[in-house]
Structure formats: C-alpha cells, structure tokens
Amino acid sequence: MREYLLTLCITAAVTYLLTGPVRKFAIVAGAMPEIRARDVHREPTPRLGGIAMFFGLCAGLLVADHLKNLNEVFASSNEPRALLSGAALIWLIGVLDDKFEIDALIKLGGQMIAAGVMVMQGLTILWLPVPGVGLVALTQWQGTLLTVALVVITINAVNFVDGLDGLAAGMVCIASAAFFMYAYRIWYGFGLEPAAPATLFAAILMGMCLGFLPHNMHPARIFMGDSGSMLIGLVLAAGAISITGQVDPDSMNLFSGSVRATVHQTVPVYIPLLLPLTIIAVPAADLILAIVRRTWRGQSPFAADRGHLHHRLLEIGHSHSRAVLIMYFWSALIAFGALGYSVNSASMWIVLGIVVLSAVGLILLLLPRFTPRAPRWAESFVPPRYRRRRRAVEPVPAAAYGTGEERRPERVHRTPVGAGVPRVNGATAISGRTRLERRETESSR
C-alpha cells in the first residue's frame, strides 16, 4: 500500500506543479477559444490542462517502475507499456483538438486507433463472466471489438460530462478511488497477480485528478480540454479492461461450487466493470441521453448543446458549486454502493443505506423547487435567495401622459402634477394638463 500511495503522491505533485506553467503556455499558444453558446463560464479560459496530466501519468509509471514491489508489474506484464502507448496517442489528438478544433469524426477515428494500439500490445478482454452460463472465452476478433467499444464509450462519456469547473476530474477521481479499493482487494486479498496492473492504473489516475483539481475548481483558472478528458477516460477504461477480462473469477475461491455459481454471485461487480455502468454511471447516462436527444432532433450525435445533466441542474436553480457537488454525490453513491455490495451482497444494511442515500440525493436534486421563502418582516435577516422576488417598477415617459397610457393598471408610476389627488380606477381624477387648460380659460375671460 505504501508504494501505491507514493506513486499517487508523485503523480499528483507533478501534475499540480506543471499545471501553472502549462496555463501560461496555453495563453501564449492561443489555446483560449471564444465563449460558445453552450459554455457556462463567462471569461475565456485556457485549455491544454491535459499536458500536465499526461506528464503526471508518465511520472507515476516511471516511479512505479523503480519501486521494489511494483516493478514486478512491468516485468510480468506488458499492460503498462500498452497503456502509455495508447495514452500518448490519444493525448496528442486531444492537444491538436484543443488548439485547432479538429473534426469529431477524426477524433473518433483516433480513439479507435489508440484502443487498437493497446489491444496489439496485450491489453484486451480475453473472456467474459456471464451470469447463468459461466466463463465465456472470446475469440481474438470478439475481444478486440469489445475492447475498442469499451474504450470509445468510456472516453466519450468522460468527455461529455466535462462541462463544469472540476466536474470531470472530481467524478473520475471518485470512480478511480472505488476502482482502486476493488482491485486492491482482489490483488492482495485473494493473491491474484493479474489484478496488479489495474490497481496501479487506478492509483495513478487518482493522482492525475487530485493534482489537477486545485487549478480547475470553480472559478477555474485552466480547463483540461479534450487532451485531459480523453486521457483520463482512456486510463479508466484500461483499468476496467485489465481486471474484468483477464482475472478468472473462479480463481478467487469466493464460493464453493462451480464456475457458474461463482460468476452468478460476483455479477454485481463484474458486469458493471465491464460496461462500465457503476464506475461512470452518471457520465454514461449523460452520454446515452445526449445521443438520443440529438438523434431525435436530426442532429449529429457529436453536435454540442446545452442539454447535459449539469446544464439542467443549473437551469432548475442550482448554483455552479452545488451542481458539481450533486454530481459528485451521485457518482460516489453508485460507485461505492456497488463496491460495498460486492464485498457483502447478502447484507440488507448495504441495500437499505443505498436506498436512504438515494432519497437524500433526490431531495438535494429538487431543492430549488422547495426553497422556503421568508415572510416580509424577516427578509432583512435571511440571505437573498430566501427573499421574495419583487416586480420591477417601470417608469412611464412624460410623453405618455394624457394619451391614456397612464391609466393602464399594469403600469405603476408617479404623478408629476396633482399628487395627493384622489384616484379613480387607478388614475388621477383631474390630470395636470386639464388643470392648466382651465386656468388659461379663466385668465382669458
């Protein structure tokens, strides 16, 4: 555990220290795009934060290679090298996109190539634990297609959710923390060496996100851009592929009996890690809803809009920080709930706790709908958000007097002449112009 913590800290420190110089470089390089209609921020903010995150990844792998116990991962497996190759390729595509805004189809092709590079070096799904059937071995083509599909889905899910300050980095950090606990339990709890690369990937991914978050929290000083969001999505997918498709569930000896019984009992963990639905359930749901919404409108699935989950949280009245914290809450609930259920699936307390926390999450989600309003006499003692809104008073121009405009009940104005005169149907009984005409008539007589 100490070596994993050291690797995590080194990765976080390198990422944190490099983000400041990278921000200055992004400003000089002109990687500060104009504010778009779908953006939430109000000032141009530099991108290219993924540069610091990539060098943090390289530093973490370099440190792990020189540690006594973690060095065995590099000696016995080619997966760290496969991850570095795919990460370098996807990072380069992201940097080009942050600077030049390349086409979405070109990015999709680059994502598939990066996944194919990792498959060629051994990071692929070999078999699947299917409930009710057992362990199903995959052919080379089946494993390749499934691995590429999982990498592309995860990358775009993380990329789609990167819309608020600190949102993507925080959610991926939560997911990688839950993933690290699961992989570490399999590696050291059951002595399964194939789980060691996934444990290392999760520790490095946590360091990348933790080192970048201080610069990216609201108000953000720099964005990770596609060079960062696609990179952390690929690292998260690599860990899921490594542990799901290469660790034999029967070798855990969790249960006595056949492979079918073992897979059936562990399906709450294996199937989510395969898709993955619990680790990045919120980004995956946002991705699916975005594709359905844009296709229904006749748009491209890659066309940007303001219909993401975080945009809707802002529309119903949540502040920027509260919207981010709500997304954190749901990600942690789903990820750690699945983790707790995998440890003891027979405990009803875990299920009850998840249900209670889900109810709390719904209350927090709908909080703007139930915001209490203070009475008039107490408005000066409460924050502005709890005060009743007052209608703005529209001043009526002087040219409107005497034309009937001042008699409209929806307009509230001050009477320049004749103040204190009794009103009839919301207007003065005798207008100022009528008084002036009467005086002129009397003087002429």
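Higher on the page you've got the structure.
Bear in mind the structure is a predicted one, so any value in this text is a computation, not a measurement.

**Let's talk about the overall build of the chain**
No. 1: The helix and strand tally for the chain stands at 15 helices and four strands.
No. 2: Burial analysis of the chain (445 residues in total) assigns 45% to the buried set.
No. 3: Pairs at least 24 apart in sequence give 71% of the contacts found in the chain among residues at least 6 apart.
No. 4: Entry remark: accessible area of the chain is about 22900 Å², with carbon and sulfur atoms responsible for 64%.

**Let's talk about the packing of helix α8 (residues 196-216) against helix α9 (residues 225-244)**
No. 1: Where α8 meets α9, the closest approach of the two axes is 8 Å, and the angle between their N-to-C directions is 160°. Overall, the two elements α8 and α9 adopt an arrangement that is roughly antiparallel. Both α8 and α9 take part in a crossing whose hand is left-handed. Packed against α8, whose contacting residues are Pro 197, Ala 198, Phe 201, Leu 205 and Met 208, the element α9 presents Leu 231, Ile 232, Val 235, Leu 236, Ala 238, Gly 239, Ser 242 and Ile 243 at the interface.
No. 2: Counted by class, the contact of α8 with α9 contains 11 nonpolar, two polar and no charged residues.

**Some details on the environment of Glu 72**
No. 1: Positionally, Glu 72 belongs in helix α3 (residues 71-76).
No. 2: Along the sequence, Glu 72 and Glu 193 sit 121 residues apart, while their C-alpha atoms lie 9.6 Å from each other.

**Observations regarding the pattern of salt bridges**
No. 1: All chains considered together, the criterion is met by three salt bridges.
No. 2: The partner of Glu 101 in a salt bridge is Arg 47, and the shortest N-O contact between them spans 3.1 Å. Taken together, the residues span a long stretch of sequence, with Glu 101 in the loop between α4 (79-100) and α5 (104-120) and Arg 47 in the loop between α1 (2-29) and α2 (50-65) at a distance of 54 residues.
No. 3: One salt bridge in this structure joins Lys 107 and Asp 97, with 3.6 Å as the shortest N-O distance. Taken together, the positions of Lys 107 in helix α5 and Asp 97 in helix α4 put the pair 10 residues apart, joining distant regions of the chain.

**Concerning the nonpolar core**
No. 1: One finds Leu 57, Leu 200 and Leu 234 to be the most contacted residues of the largest nonpolar core, which totals 89 residues.
No. 2: With 14 residues, helix α7 (residues 167-189) is the largest single contributor of residues to this core.

**Structural notes on empty space enclosed by the protein**
Rolled over the atoms, a probe as big as a water molecule pinpoints where empty space is left.
No. 1: In this structure the tally under the stated criterion is two cavities of 30 Å³ or more.
No. 2: Taken as a whole, the second largest cavity spans an internal volume of roughly 30 Å³.
No. 3: Along its surface, the second largest cavity is lined by Ser 176, Phe 179, Phe 201, Ala 202, Leu 205, Val 235, Leu 236 and Gly 239.
No. 4: Those elements that place two or more of their residues in the lining of the second largest cavity are α7, α8 and α9.

**Remarks on the packing of aromatic side chains**
No. 1: Summed over the entire model, instances satisfying the criterion amount to seven aromatic pairs.
No. 2: A centroid spacing of 4.4 Å and a plane angle of 10° characterise the contact between Phe 54 and Trp 91, whose relative ring orientation is stacked. In this pair, Phe 54 is assigned in helix α2 and Trp 91 in helix α4, connecting sequence segments 37 residues apart. Across the pair, exposure class does not vary: Phe 54 and Trp 91 are buried alike.

**Examining the packing of α4 against α5**
No. 1: Viewed as axis vectors pointing N to C, α4 and α5 meet at an angle of 165°, and their least axial separation amounts to 8 Å. Judged by the inter-axis angle, α4 sits roughly antiparallel to α5. Of the two elements, α4 crosses α5, and the hand of that crossing is right-handed. The residues of α5 that touch α4, namely those facing Ala 82, Leu 83, Ser 85, Gly 86, Leu 89, Ile 90, Ile 93 and Asp 97, are Lys 107, Gly 110, Gln 111, Ile 113, Ala 114, Val 117 and Met 118.

**Examining the environment of Ile 174**
No. 1: Tracing the chain through its elements places Ile 174 in helix α7.
No. 2: Linking Ile 174 and Met 206, residues 32 residues apart in sequence, is a C-alpha distance of 8.1 Å.
No. 3: Ile 174 has contacts with Tyr 328, Ser 331, Ala 332 and Phe 336, leaving out every residue within four places of it along the chain.

**Concerning the side chain of Lys 107**
No. 1: We classify Lys 107 as buried; its relative accessible area is 14%.
No. 2: Once residues lying within four places of it in the same chain are set aside, the contact partners of Lys 107 are Ile 93, Asp 97, Ile 102, Asn 159 and Asp 226.

**Some remarks on α4**
No. 1: With 22 residues, α4 extends 32 Å between its outermost C-alpha atoms, agreeing within 8% with the 32 Å of an ideal straight helix rising 1.5 Å per residue.
No. 2: At the C-terminal side of α4, Glu 101 shows a positive phi close to 55°.

**Things to note about the environment of Phe 100**
No. 1: Along the chain, Phe 100 falls in helix α4.
No. 2: Put simply, Phe 100 and Ala 31 are 69 residues apart on the chain and 8.4 Å apart in space, counted from C-alpha to C-alpha.

**Focus on a nonpolar patch on the surface**
No. 1: The grouping of Trp 349, Leu 352, Val 356, Val 360 and Leu 364 at the surface amounts to a nonpolar patch, some 510 Å² of accessible area in total.
No. 2: Following the sequence through the fold, Trp 349 ends up in helix α14 (residues 348-365).

**Here we look at unusual backbone geometry**
Excluding glycine, residues mostly carry a negative phi; peptide bonds, for their part, are mostly trans.
No. 1: The phi dihedral of Leu 48 is positive, around 65°, even though this residue is not glycine.
No. 2: Among the secondary structure elements, Leu 48 is positioned in the loop between α1 and α2.
No. 3: In this structure, Glu 101 is a non-glycine residue whose phi angle is positive, near 55°.
No. 4: Classification of Glu 101 by relative accessible area gives partly exposed; the value is 44%.

How each quantity is defined
- Residues numbered from 1 in each chain as written.
- Predicted model: local features only at pLDDT ≥ 70, side-chain atom pairs only at ≥ 80, totals over all residues.
- Heavy atoms only, no water.
- Helix = DSSP H or I, 4+ residues; strand = E, 2+ residues; numbered from the N terminus.
- Buried < 20%, exposed > 50% of the residue type's maximum accessible area, 1.4 Å probe, protein only.
- Contact = heavy atoms within 4.5 Å.
- Areas by Shrake-Rupley, 256 points an atom, 1.4 Å probe, with all protein chains shown as cover.
- Axes fitted to C-alpha atoms, helices over the stretch in contact; angles between N-to-C directions.
- Parallel < 35°, antiparallel > 145°, perpendicular 65-115°, else oblique.
- Left-handed = near helix turned anticlockwise from the far one by under 90°.
- Nonpolar A, V, L, I, M, F, W, Y, C, P; charged D, E, K, R; others polar.
- Salt bridge = Lys/Arg side-chain N within 4 Å of Asp/Glu carboxyl O.
- Core = buried A, V, L, I, M, F, W, Y, C linked by side-chain atoms within 4.5 Å.
- 1 Å grid on protein atoms, 1.4 Å probe; cavity = no way out; pocket = protein on both sides within 12 Å on 5 of 7 lines; lining within 4 Å.
- Points joined across faces, edges and corners; volume = space filled by probe spheres on them.
- Phe/Tyr/Trp six-rings, centres within 6.5 Å; stacked < 30°, edge-to-face > 60°.
- Expected span 1.5 Å × (residues − 1).
- Patch = residues over 30% accessible without salt bridge, like charges linked within 9 Å, V, L, I, M, F, W, Y side chains within 5 Å.

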